[in-house]
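Each chain, letter by letter, is given below.
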Amino acid sequence: MVFSIAMPDIDTKLLRSFLSVALEGSFSKAAARMACSQATMSQRIRALEDQIGSPVFERAYHRVKLTAAGQDLLPHAQALVDQHDVLLDHIHQGVVSGSVRLGIAEDYALPILPKLLRQLRHQFPGIELSIVSDMSTNLQHQIEARRLDLAIVTLPDPTHLAKTLSNPPLFWVAATDFELPDGQPWPLAFYPEPCVFRQAAISALRAHDTAFREALVSTSGQVVRCAVAAGMAATVMMEGMIPNDLVKLNAGDGLPSLPNSHIQLIERNEGLTKAARQVRKLVLRAY
């Protein structure tokens, strides 16, 4: 006689909801991302917690944080959802091949590109991906000119023709030992026009009559970061993109608060190839 113990299955919808809340840090934002109500999102998280026997989030007033159990679950949940999606792609897509041109701004290429390239290499070796790195406004123009298939951009405001990937806040950042001499204007490092971060920063500075000077303007993100890391200037970066050798400046340091940014995925009109649609799907999953 053979005895078996039935193992409970975890619905991937619960895991996707968990990953969305972990990413957004908010039940309401996660619900909007997954097109459901906040009550439904809360029910899914409670169902997941019941199944694993531990709470996965600490519900604070302003932001939701992962518990130790949630932190342990996070990579396993992501891996399981990724494998589930790979299986569906294999079933429904078959062999996908072709060339795809993707534009992405340098500031946030590093967090997404390694995962995207690994997935393409292992899951869709027939797709040849060409990557163009430039400022968001220039990438938008290349999309309009049909020189790019897709682009991950940061534009001043969300548009109805784009898919919003994330809305991370902007922060002033500087080196840990940065000090502003008394009575001196803030030395700042920026990308040139038409950089959206630059526009947001200068608008906030002028609205608050904060004295500043442009100590460095460069099209290279590495040059900007090196100048800031050397203590030469402060700059503006998105949450999640701040390197370990730089720190956020506090509100009491004399700089105005900054708005959230809008990371969006835009695509050329008149449709995408099968390969481009698959790359778009992988980009959406990565966020």
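The structure we're discussing is the one just above.
Nothing here was measured: the structure is a model prediction, and the numbers come from that model.

**Student:** What should I look at first to understand the pattern of salt bridges in this one?
**Tutor:** Between side chains of opposite charge, a pair can form when the charged atoms approach closely. What the rule picks out here adds up to five salt bridges. The partner of Glu214 in a salt bridge is Arg198, and the shortest N-O contact between them spans 3.0 Å. Taken together, the residues span a long stretch of sequence, with Glu214 in strand 9 (residues 212-217) and Arg198 in helix 7 (residues 196-207) at a distance of 16 residues. Take Glu214: its relative accessible area is 35%, and that puts it in the partly exposed class. One salt-bridge network, held together by shared partners, links Glu193, Arg198 and Glu214.

**Student:** Explanation requested: the pairing of strand 7 (residues 170-175) in the structure shown.
**Tutor:** Successive residues of a regular strand alternate their side chains across the two faces of the sheet. The element strand 7 is largely enclosed, with a buried count of five among its six residues. One ladder, built from four bridges, connects strand 7 with strand 10 (residues 235-238); its direction is antiparallel. Paired with Val173 across the strands is Thr235, a residue of strand 10. Relative to strand 11 (residues 246-248), strand 7 runs antiparallel, the two being bridged by three bridges. In the strand pairing of strand 11, Val173 is matched with Lys248.

**Student:** How should helix 8 (residues 221-229) be read in this particular structure?
**Tutor:** Because each turn of an α-helix spans 3.6 residues, side chains separated by three or four positions end up pointing in the same direction. Listed in full, the buried residues belonging to helix 8 are Gly221, Val224, Ala227 and Val228. For helix 8, the angular spread of the buried residues around the axis is 130°, confining them to a single face. Contact partners of the buried residues in helix 8: strand 7, strand 8 (186-190), strand 9, strand 10 and strand 11. Capping the start of helix 8 is the job of one residue whose side-chain oxygen sits 3.3 Å from the backbone nitrogen of Gln222: Ser220. Once helix 8 finishes, Gly231 follows within two positions and takes phi at roughly 85°, a positive value.

Definitions and limits used
- Residues numbered from 1 in each chain as written.
- Predicted model: local features only at pLDDT ≥ 70, side-chain atom pairs only at ≥ 80, totals over all residues.
- Heavy atoms only, no water.
- Salt bridge = Lys/Arg side-chain N within 4 Å of Asp/Glu carboxyl O.
- Helix = DSSP H or I, 4+ residues; strand = E, 2+ residues; numbered from the N terminus.
- Buried < 20%, exposed > 50% of the residue type's maximum accessible area, 1.4 Å probe, protein only.
- Pairing = 2+ DSSP bridges.
- Arc of directions from axis to C-beta.
- Contact = heavy atoms within 4.5 Å.
- Polar contact = N/O pair within 3.5 Å; in protein donor to acceptor, adjacent residues only side chain to side chain.

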